[in-house]
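Residues per chain are reported as follows:
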Amino acid sequence: DVLEGEIFLQNLPSIVAARVLDPRPGEQILDMCAAPGGKTTAIAILMRDKGEIVALDRSHNKVMGILKLADEMGLSCIRAYKLDALKSVRKAYEERNLGVADNCSEAIVTLAENSGPIRSIIGAGVTNAAEDSSTAIVEQTDAKRYVSKADLRKNLRRLRNGTGRSNCSGGRVEDSKGFFPSSFDRVLLDAPCSALGLRPRLFAGEEDCIYLGPAH
Ligand SMILES: C[S@@+](CC[C@H](N)C(=O)[O-])C[C@H]1O[C@@H](n2cnc3c(N)ncnc32)[C@H](O)[C@@H]1O
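A brief structural summary. Quick caveat, the model's predicted, so the values are computed rather than measured.

Rules and cut-offs
Residues numbered from 1 in each chain as written. Predicted model: local features only at pLDDT ≥ 70, side-chain atom pairs only at ≥ 80, totals over all residues. Core = buried A, V, L, I, M, F, W, Y, C linked by C-beta atoms within 7 Å. Buried ≥ 20, exposed ≤ 12 C-beta atoms within 10 Å, placed from the backbone. Helix = DSSP H or I, 4+ residues; strand = E, 2+ residues; numbered from the N terminus. Contact = placed C-beta atoms within 7 Å. Near = placed C-beta within 6 Å. Nonpolar A, V, L, I, M, F, W, Y, C, P; charged D, E, K, R; others polar. Axes fitted to C-alpha atoms, helices over the stretch in contact; angles between N-to-C directions. Parallel < 35°, antiparallel > 145°, perpendicular 65-115°, else oblique. Left-handed = near helix turned anticlockwise from the far one by under 90°.

## A few points about the nonpolar core
Here is step 1: I53, A55, V63, I66, I78 and A80 are the most contacted members of the largest nonpolar core, which totals 26 residues.
Here is step 2: At the level of elements, β3 (28-31), α2 (38-46), β4 (52-57), α3 (60-72) and β5 (78-82) are the ones that each hand at least two residues to this core.
Here is step 3: Here the element with the most residues in this core is α3; it accounts for six residues.
Here is step 4: In this structure I53 touches I29, D31, T40, I43, A44, C77 and I78, once residues within four positions along its chain are discounted.

## Concerning the site of the ligand
Here is step 1: Inspection of the region around the ligand gives 18 residues, with C33, A35, G38, A85 and D190 positioned closest.
Here is step 2: For the shell around the ligand, the secondary-structure elements that each account for two or more residues are α2 and β4.
Here is step 3: Looking at the shell around the ligand residue by residue, the classes come out as eight nonpolar, four polar and six charged.

## Observations concerning the packing of helix α1 (residues 12-21) against α2
Here is step 1: Interaxial distance between α1 and α2 falls to 8 Å at its minimum, and their mutual angle equals 50°. Regarding the angle of α1 to α2, the classification is oblique. Seen from above, α1 lies across α2 with right-handed handedness. Of the residues in α2, those touching α1 at S14, I15, A17, A18 and L21 are G38, K39, A42, I43 and L46.
Here is step 2: Residue composition of the contact of α1 with α2, by class: seven nonpolar, two polar and one charged.

Here is the structure:
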């Protein structure tokens, strides 16, 4: 898609949608169904790569694709997460002291990046970590943060068994747990429709010309 890092073919709808959204440099933008990233990157260009675009998709590989595309295009304001858009709004009863950047499951990142003993951020259920046979050291660094027991078990498994499916295509994507209301200046929802959609064709093929041509 990217020609020598200089030219990127974009669909007209991506450009128009980004223009209509009218993002400003420095803003926080949420792109809820973002892959393959046509509109995300169009938005990033309009923002002159300043601010933050959170790009969501429910498919791990597609999130990888968004990150790769952003990298190829030299856009650093795009952060892509795996999340079902239907779960993108956090429940009101969850904690409210996290910024946008903290809305993602940091414990997984911490563990994946940490080659030493497990260090996890947890507020409750500390004793459950000890039940696991591995040499877990659980730090209670911030009592207000909470990692569920399920997440903790998953992280322990990952450490024992390797990173598994989420790293199968050579990269790690971060999951997100959703975002609190009013976290973003603008939101784009490019919801999937029938899955039968086609790239708008700017040039008709020969067959179409014959079909559309004057009746003989
Ligand atoms: C029409 S495409 C988006 C095109 C994209 N906005 C662009 O301009 O390149 C729809 C995308 O939504 C994703 N998707 C479908 N259901 C989703 C959901 N519940 N949550 C997040 N992403 C979803 C699909 O994986 C697909 O990549």
